[in-house]
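Examination of the molecular architecture
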Amino acid sequence: TWGRVRQDLLKAVGKNNYVTWIEPLEFERVDNGVARFNVPTNFIGNWVSRNFGDQIQQHLIRAGAPVERIEFSVPAGAPRPMTPAASNADSGEIRGTTPVRHATVKATSGDLPGAPLDKRFTFDSFVVGKPNQLAHAAARRVAEGGPVSFNPLFLYGGVGLGKTHLMHAIAWQLQNDRSDLRVVYLSAEQFMYRFVQALRENGTMQFKEMFRSVDVLMVDDVQFIAGKDSTQEEFFHTFNALVDQNKQIIISADRAPGEIKKLEERIASRLQSGLVVDLHPTDYELRLGILQHKVEQYRESYPGLVIQDGVLEFLAHRISTNVRVLEGALTKLFAFGSLVGREVTMDLTQDCLADVLRASDRKVTVEEIQRRVSEHYNMRMSDMIGPKRHRTIARPRQMAMYLSKQLTSRSLPEIGRRFGGRDHTTVMHAVKRIEELKAVDNQIAEDLELLRRMLEA
Ligand code: ADP
Ligand code: MG
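Parameters and conventions
Residue numbers run consecutively from 1 along every chain, following the written order of its sequence. Ligands are numbered from 1 and chains lettered from A, in the order in which they are written. In keeping with the model being predicted, local features are shown solely for residues with a pLDDT of at least 70 and side-chain atom pairs are shown and tallied solely at 80 or more, while totals for entire chains, interfaces and linings include all residues. Note on conventions: DSSP H or I runs of at least 4 residues are helices, E runs of at least 2 residues are strands, and numbering of each starts at the N terminus. To sort residues by burial, count the other C-beta atoms lying within 10 Å of each one's C-beta; a count of 20 or more means buried, 12 or fewer means exposed, and anything in between means partly exposed. C-beta atoms are built from the backbone. Residue pairs qualify as contacts under a 7 Å threshold applied to their C-beta atoms, which are placed from the backbone. Angular values range over 0 to 180 degrees, each being the angle between N-to-C directions of two axes fitted as lines to C-alpha atoms, with helices fitted over their stretch in contact. Orientation is classified from the angle alone, with under 35 degrees giving roughly parallel, over 145 giving roughly antiparallel, 65 to 115 giving roughly perpendicular, and any other angle giving oblique. When residues are sorted by character, Ala, Val, Leu, Ile, Met, Phe, Trp, Tyr, Cys and Pro go into the nonpolar class, Asp, Glu, Lys and Arg into the charged class, and all the rest, Gly among them, into the polar class. Only buried residues count toward a nonpolar core: Ala, Val, Leu, Ile, Met, Phe, Trp, Tyr and Cys, linked into one set through C-beta atoms within 7 Å. Defining nearness, a residue is near a molecule or strand when the C-beta atom obtained from its backbone falls within 6 Å of it. An automatic or database domain assignment supplies the residue ranges for each domain. Any two strands are treated as partners once DSSP identifies two or more bridges connecting them. Across the chain, each position has a pLDDT score giving the predictor's confidence in that residue, from 0 to 100.

**Here we look at the overall build of the chain**
A tally of helices and strands in the chain yields 19 helices and 10 strands. A buried classification covers 35% of the 457 residues belonging to the chain. Once local pairs closer than 6 in sequence are excluded, the contacts in the chain between residues at least 24 apart make up 76%.

See the structure below:
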């Protein structure tokens, strides 16, 4: 029955709501008129109960289950898929190739050269979604400190997508589970600073010894040392020495190794010799997940916190830049809400975040549409403008043209030009075709709606 009811709910609430709210529900049983569900978190339970409770009940009744009430409970020790998924750790299909032996080398030369770790940056507080799934799984694997891992692990991605968070999370877990290991985390800038200091104080021997005695070395934002020749050189030697000893190395950068300008070729290629994973820009689901997680954390300090329906969705739609901005907006909103002792309503949100919202209030471009649509259908961006005519490519391309017509002020010839110099009649045809399809094909209608919402966010 639940299987069918789920199908009905999918139609009733739309794909977006369905994925976020209905899919995490685990149907238990109906007894004495009470339908029982397991939910990953109380927050989801409350939300679903408030917003979708009636619909779920109605659909259950329609499917023949005499339900008077619905109850949601969080099973003890349940995996929590919407919040940081510890359970995801092992679901990654990636396998390591280079065995890393974590030998214990005790301190030989004074303090560890690392930077302090942020308490908030743990795996528990890291929300996993499609865009960061692989990076998260790889980080978990490395954090297990087991015999098989990736070396080096190279994480890259744009600002505010969680690179530093993941690195700290690895460091915390290793410190916790493997206190015998010497784990050092620092930024490339700090690495350089240490090195320059050592040069100045004739302490390069100690510097070398210190770094070469580390078991796990993490260097954040390594793009920083590009162009700094002697630092690069020293980093390279440290790197090689550690790899030779099978010590784990974890590197982050804002772009792929091969794309860092002024980074020596041989260094770039060494950096690519392990596992390279990127953190993709956040999608709507991930942003909503992060917001929900944050709200749950806040709830502990503000038990009376009331957030009007739709506020989180609104924020997830509208603030699509980086996670730091998203967090900042929420913090400001809550601080303000609790200050004036008010429910966090849509009005309050719009007032309080006017500046943030204006900043992210930009016009949709054809390029963005192409990017979103390609992402959505898992095709290459280059196929948007390329010549391929296979339907799996041509159809999304037509949808992108249609959306470009709907959401931008570009003319048909202008749109055609942006799709690899196609004729305006091609665009016109695409627009007509999608309009027809939209009327008869629910999937296409839904996809378009979803894409439109994401783009207008
Ligand atoms: P980066 O180092 O990639 O620029 P950070 O790791 O500093 O980004 O992340 C920026 C902020 O966003 C931090 O406060 C971090 O906790 C938060 N953040 C990023 N991604 C996530 C995520 N998936 N779940 C929870 N918080 C996140
Ligand atoms: Mg960072």
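**What about the packing of helix H16 (residues 391-407) against helix H18 (residues 424-440)?**
In the contact formed by H16 and H18, the axes pass within 8 Å of each other and the chain directions differ by 95°. The angle between the axes of H16 and H18 places the two elements in the roughly perpendicular class. Residues Gln398, Met399, Met401, Tyr402 and Lys405 of H16 form the contact with H18, whose participating residues are Val427, Ala430, Val431, Arg433 and Ile434. A per-class count over the contact of H16 with H18 returns 7 nonpolar, 1 polar and 2 charged.

**Structural notes on the nonpolar core**
In terms of nonpolar packing, the biggest core is built from 71 residues, with Ala138, Ile170, Leu217, Met218 and Leu315 touching the most fellow members. Ranked by residues supplied to this core, first place goes to helix H4 (residues 163-177) with 7 residues. Counting 18 residues, the second largest nonpolar core, distinct from the first, contains Ile369, Met399, Ala400 and Ile434.

**Notes on the site of ligand 1**
The environment of ligand 1 is made up of 17 residues, and the closest members are Gly162, Lys163, Thr164, His165 and Val323. Those elements that place two or more of their residues in the shell around ligand 1 are H4 and helix H11 (323-339). Looking at side-chain class alone, the shell around ligand 1 contains 7 nonpolar, 7 polar and 3 charged residues. Taken together, domain 2 (86-279) and domain 3 (284-359) each give at least three residues to the shell around ligand 1, which thus spans both.

**Considerations on the sheet that holds strand S8 (residues 216-220)**
The strand order S7-S8-S9-S6-S10 describes an open sheet built from 5 strands, whose pairing is parallel. If you trace the sheet from one side to the other, it starts and ends with strand S7 (183-187) and strand S10 (275-279), each paired once. Mean inter-strand twist for the sheet, computed between neighbouring axes without regard to direction, equals 15°. Inspection of the sheet shows S8 paired to strand S9 (residues 248-253) by 4 bridges, in the parallel sense. Residue Leu217 lies in a different strand from S9, and its bridge partner there is Ile249. Its contacts with the sheet place helix H5 (residues 188-200) against S7 and S8, and it is angled at close to 95° to S7.

**Description of the confidence of the model for the chain**
Scored by pLDDT, the chain has a mean of 83; 89% of the residues are at 70 or more. Here residues 78-110 is a poorly scored stretch, pLDDT under 50, and it has 75 contacts once near neighbours within four places are set aside; other chains count. For this predicted complex, the interface confidence score (ipTM) comes to 0.99, while the overall pTM stands at 0.61.

**Here we look at the pairing of S7**
Taking burial as the measure, the 5 residues of S7 include 4 buried ones, the bulk of the element. Pairing of S7 with S8 involves 5 bridges; the strand directions are parallel. Its bridge partner lying in S8, Leu186 is registered against Val219.

**A closer look at the environment of Leu153**
Positionally, Leu153 belongs in strand S6 (residues 153-157). Separated by 96 residues in sequence, Leu153 and Ile249 place their C-alpha atoms 6.4 Å apart. Contact partners of Leu153, with chain neighbours within four places excluded, come to Ala138, Val142, Ile250, Gly274 and Leu275.

**Quick look at the sheet that holds strand S1 (residues 26-31)**
Read across the sheet, 3 strands follow the order S1-S2-S3 without closing on themselves; strand pairing throughout is mixed. Each edge of the open sheet is held by one strand with a lone partner, namely S1 and strand S3 (69-73). Within this sheet the neighbouring strands show an average axis-to-axis angle of 20°, counted without direction. As judged from the 5 bridges shared by strand S2 (residues 34-38) and S3, these two strands associate in the parallel manner. Among the inter-strand pairings, Arg36 is bridged to a residue of S3, identified as Glu71.

**Focus: the environment of Val222**
Take Val222: it is sitting in the loop between S8 and helix H7 (229-244). The buried category is assigned to Val222, around which 26 C-beta atoms lie within 10 Å. Apart from residues lying up to four places away in sequence, Val222 is in contact with Ala188, Ile251, Ser252 and Ala253.

**Considering unusual backbone geometry**
In the segment running from Asn151 into Pro152, the intervening peptide bond is cis, with an omega of -5°. When you line up the elements, Pro152 lands in the loop between strand S5 (148-149) and S6. A positive phi angle is found at Asp221, which is not glycine, with a value near 55°. On the secondary structure map, Asp221 appears in the loop between S8 and H7. Using a count of 19 C-beta atoms within 10 Å as the deciding quantity, one classes Asp221 as partly exposed. Here Asn378, not a glycine, exhibits a phi torsion of approximately 60°, which is positive. Mapped onto the elements of the fold, Asn378 is located in the loop between helix H14 (366-376) and helix H15 (382-385). By C-beta crowding, Asn378 is classed as exposed, having 8 other C-beta atoms within 10 Å.

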